[in-house]
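Descriptive structure summary
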Amino acid sequence: MPFKTTEISNPQYESNQLRFITVKTPNLKGRGDICLYVPPGAHKNEVLPIVILLHGVYGSAWSWAMSAGVHLKTNALIEKGELPRMILAMPSDGLWGDGSGYLPHSGFNFEQWIAEDVPTAVMENIPGAKQNSPLFIAGLSMGGFGALRIGAKYGHKFKAIAGLSSITSLPQIKLFAGEPLKTYAQDIVADEDVFATFKKYRDQLPPVRFDCGTNDLLINYNRDLHKKLENEKVPHVYEENPGGHEWSYWAKHILSTLKFFAGKL
């Protein structure tokens, strides 16, 4: 169903191939923002992959571009032939509290905003974004939690999913967010934990990749998720790298995720 209210930036004023969309959706009971990287020369006859990138607590639609320069790095790798032409869609999480958790709660559905509204808005407004565009999702920290959960729950939509320095279970959001944990509580307990979600939707689980810095406060949670997946013989790629819970880590290692996605085309 097309959005009745949409505002899109004028390509005439674009900088470094960044574009912006604002749409009104019942899932947010208002407007949501999406920042996009669109490769140069994208046209309506192309079918381009769409990568949704989710930010962490405190962030917004601008975070991946303005804190990691992901659009510049992606563009450079496309020009070198190391990545295929692709669209990056970087939505806000709904801007609730310190972070929405990308879950339905408090009368909003932040999960459906990402899973349903964001792909629809991109396909309606961006050249090369089609119904048959391969769709991927990744995120950092809270966004990793969202990407892995949503990617599994809506596994029929995604070609592959990934997380960087991911929160792996809902209680970990209290390491960052100031809102009461009970606010985020789900009716279905499996929706609060990445491993439980993976087990529940195992039959439709897309290819999975996740990584974490060895100095990250979430490293032991990520190691635990890796071990649980190994024990259950759930296929996945897990890597550890030097670094902490910081933009310098994510700016570097998001490129490994994009190459992982490219390998699934």
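Residues numbered from 1 in each chain as written. Predicted model: local features only at pLDDT ≥ 70, side-chain atom pairs only at ≥ 80, totals over all residues. Heavy atoms only, no water.

The subject of this paragraph is the overall build of the protein chain. Looking only at helices and strands, the protein chain features seven helices and 11 strands. The C-alpha atoms of the protein chain give a radius of gyration of 17 Å, which matches the 18 Å a tight globule of 265 residues would have. Within the protein chain, the proportion of its 265 residues that are buried is 59%. Long-range pairs, those at least 24 residues apart, make up 71% of the contacts in the protein chain with a sequence separation of at least 6. As displayed, the protein chain has an accessible area near 11,200 Å², and 50% of this comes from carbon and sulfur atoms. One way to put it: in the protein chain the 27 positive side-chain charges average out to a point 3 Å from where the 26 negative ones average out. (Helix = DSSP H or I, 4+ residues; strand = E, 2+ residues; numbered from the N terminus. Rg over C-alpha atoms; globule rule 2.2 N^0.38 Å. Buried < 20%, exposed > 50% of the residue type's maximum accessible area, 1.4 Å probe, protein only. Contact = heavy atoms within 4.5 Å. Areas by Shrake-Rupley, 256 points an atom, 1.4 Å probe, with all protein chains shown as cover. Lys, Arg positive; Asp, Glu negative; His and termini not counted. Charge placed at Lys NZ, Arg CZ, Asp CG, Glu CD.)

So, about the nonpolar core. With 58 residues, the main nonpolar core has Leu36, Ile52, Ile114, Val122, Ile137 and Phe198 as its most contacted residues. Examining the composition of this core, we find that eight residues originate from one element, helix H3 (residues 110-125), more than from any other. With near-sequence residues (within four places) excluded, Phe198 lies in contact with Leu148, Ala152, Ile161, Leu205, Val208 and Leu229. (Core = buried A, V, L, I, M, F, W, Y, C linked by side-chain atoms within 4.5 Å.)

To continue, consider the environment of Leu225. Position of Leu225 relative to the elements: it lies in helix H6 (residues 219-231). A sequence separation of 13 residues divides Leu225 from Cys212, and the C-alpha atoms of the two residues are 11 Å apart. Other than its neighbours up to four places away in sequence, Leu225 contacts Thr168, Val194, Phe195 and Phe210.

Our next topic: unusual backbone geometry. Keep in mind that most residues, glycine aside, have a negative phi and that most peptide bonds are trans. A positive phi angle, near 50°, is found at Ser165, a position not held by glycine. The topology assignment puts Ser165 in the loop between strand E9 (160-164) and helix H5 (194-200).

It is worth spelling out the pairing of strand E11 (residues 237-241) at this point. With five bridges joining them, strand E10 (residues 208-213) and E11 adopt parallel strand pairing. In the strand pairing of E11, Gly213 is matched with Asn241. (Pairing = 2+ DSSP bridges.)

Before going further, it helps to examine the environment of Pro40. Tracing the backbone shows Pro40 in the loop between strand E3 (30-37) and strand E4 (50-54). For the pair formed by Pro40 and Leu77, sequence separation is 37 residues and the distance between their alpha carbons is 13 Å. Once residues within four sequence positions are removed from consideration, Pro40 is found in contact with Gln17, Asn75 and Arg85.

Turning our attention to the packing of H3 against helix H4 (residues 142-153). The interhelical angle for the contact between H3 and H4, taken along N-to-C directions, is 65°, at an axis separation of 11 Å. Classified by chirality, the crossing of H4 by H3 is right-handed. Of H4, the residues touching H3 (which contributes Glu111, Ile114 and Ala115) are Arg149, Ile150 and Lys153. Looking at the contact of H3 with H4 residue by residue, the class counts come to three nonpolar, no polar and three charged. (Axes fitted to C-alpha atoms, helices over the stretch in contact; angles between N-to-C directions. Left-handed = near helix turned anticlockwise from the far one by under 90°. Nonpolar A, V, L, I, M, F, W, Y, C, P; charged D, E, K, R; others polar.)

A separate point is the packing of aromatic side chains. Considering all chains together, one arrives at seven aromatic pairs under this definition. With 4.8 Å between their ring centres and 25° between their planes, Phe136 and Phe261 make a pair best called stacked. You can see Phe136 sitting in strand E8 (residues 135-140) and its partner Phe261 sitting in helix H7 (residues 247-262), a full 125 residues away along the chain. A residue is classified by how much of its surface remains accessible, and Phe136, at 1% relative accessible area, is buried. Judged by its relative accessible area of 0%, Phe261 falls in the buried class. One aromatic cluster in this structure is built from Trp64, Trp247 and Trp250. Over the face of the ring belonging to Phe145 we find Arg149, whose NZ or CZ atom lies 5.8 Å from the ring centre. (Phe/Tyr/Trp six-rings, centres within 6.5 Å; stacked < 30°, edge-to-face > 60°. Lys NZ or Arg CZ within 6 Å of the ring centre and 35° of its normal.)

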